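Examination of the molecular architecture
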Amino acid sequence: MCKRYWSLLLALVLLLSACDLLPDLMGGASRGISETSIWAMDTQMDLQLYGDTDGAVMTELTSLLNALDRELSVTSDGSALYALNEGGETDNETILKLASKAKDVSALSGGALDITLYPASLAWGFTTHNYRVVPAEELEALRDKVGMEKITISDGKLRIPAGTMLDLGALAKGYAADCCRAKMEAAGISGILSLGGNLQTVGTKPDGEDWIVGLQDPENPAGFCLTLKFPGSKAAVSSGDYQRFFQRDEIRYCHILDPKTLAPVQGSLRAVTVIADEGLYADALSTALFVMGREAGEAFWRQQGDFQAVWIEADGRVFVTPELKSRVLEGSFEVIDP
Ligand code: AMP
Ligand code: MG
């Protein structure tokens, strides 16, 4: 089945479950709920707002998401990121902000997050869909283009050497969710946003109930392996091997690359979800934790302590950080040691 169809189906199921939407669908408009779906940043985005009576905030959000898409697209030749990858220098504030955060999280995570992997992603075919298994010597030849130390930021400018290219796909949607949240909060509007693998709750539901968020089951992405409840604004960002991948000789090659090998991560994890206050941080971490694997990720959580996480293993076991125990509504899980 084509990916776009899956995304649409999935987004619908997510919203139905994540927002207790079934009763709302039968009287949404009269209860002040508005919904819109757009395609931006290479994914289906579903926005559901409460109390945006004249549609002004929804219009602002969709313009914002489309503008970020135009600014940060790695493939469109009009984008600021494309210009950086061609010209080696930028003063674009969004790129500087995201690259700075990536540098921080990369340093914290022992290099698991690396936004310079784009030449390797291209070789594996992840942007063109011309998938192939890249020979080791070809990956070795890419080494001198890759590495976070290639990025220098000073005097309000970011610079990269010729041949190095940045890809902000690991954290751009988290940043987009933060921007949407800020606009909604300023306008006093609550709601839930599903930006691909990024769920963002904003404000308090008008009925005072918690938001309900479903985490996709990697074995059956139309279903959930865990549902969680949260009050207020939170980012819940998932990275996994089921989102974008190809298969050769029974081996699954996913879109998240290990900076140590420049090859798709091959571990026992199927997915990780990070729950945090800031979408940008949660998104950067979700990718890093997927690369690190569960054990290193657990140690990282103990060291950082400023996020919650859910790990889903290939054998179906689900592990959660202790604070999430009381937040689970449905699904079986084990709690990791504090
Ligand atoms: P996410 O879905 O947030 O985990 O981001 C995955 C996307 O980030 C991929 O589609 C690539 O564009 C990019 N990417 C892949 N591997 C890495 C990595 N180790 N560090 C940073 N970005 C990556
Ligand atoms: Mg991410």
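Below: a short report on this structure. (Residues numbered from 1 in each chain as written. Chains lettered and ligands numbered in written order. Predicted model: local features only at pLDDT ≥ 70, side-chain atom pairs only at ≥ 80, totals over all residues. Heavy atoms only, no water.)

Around a metal, the idealised angle for a tetrahedral arrangement of four donor atoms is 109.5 degrees; for an octahedral arrangement of six donor atoms it is 90 or 180 degrees. Looking at the magnesium ion (ligand 2), the protein donor atoms are A170 (O), D283 (O), D283 (OD) and T287 (OG1), and they sit 2.1 to 2.4 Å from it. As a motif over one chain, the donors of the magnesium ion (ligand 2) read A-x112-D-x3-T. Of this pair, A170 sits in the loop between β5 (157–159) and α8 (172–187) while T287 is found in helix α9 (residues 279–292), placing the two residues 117 residues apart along the sequence. (Donors = N, O, S within 2.8 Å, 3.2 Å for Na, K, Ca; no water. Helix = DSSP H or I, 4+ residues; strand = E, 2+ residues; numbered from the N terminus.)

What follows deals with the sheet that holds β5. Taken in spatial order, the three strands of this open sheet run β3-β5-β4, and their pairing is antiparallel. On the outer flanks of this sheet lie β3 (89–90) and β4 (152–154), each paired with one strand and no other. The pairing of β4 with β5 spans three bridges and is antiparallel. Across the sheet, residue S154 finds its bridge partner in β5, namely K157. (Pairing = 2+ DSSP bridges.)

Okay, the site of ligand 1 next. Close to ligand 1 lie 16 residues, the nearest being D167, S239, H255, L257 and T287. Measuring from an oxygen atom of ligand 1, one finds a side-chain N or O atom of H255 at 2.8 Å. T287 has a polar side-chain atom sitting 2.7 Å from an oxygen atom of ligand 1. Alone, ligand 1 offers 500 Å² of accessible surface; in the complex the protein occludes 91% of this. The element contributing the most residues to the shell around ligand 1 is α9, with three residues. Looking at the shell around ligand 1 residue by residue, the class counts come to eight nonpolar, five polar and three charged. (Near = heavy atom within 4 Å. Polar contact = N/O pair within 3.5 Å; in protein donor to acceptor, adjacent residues only side chain to side chain. Areas by Shrake-Rupley, 256 points an atom, 1.4 Å probe, with all protein chains shown as cover. Nonpolar A, V, L, I, M, F, W, Y, C, P; charged D, E, K, R; others polar.)

Remember, this is a structural readout, not a statement about activity or role.
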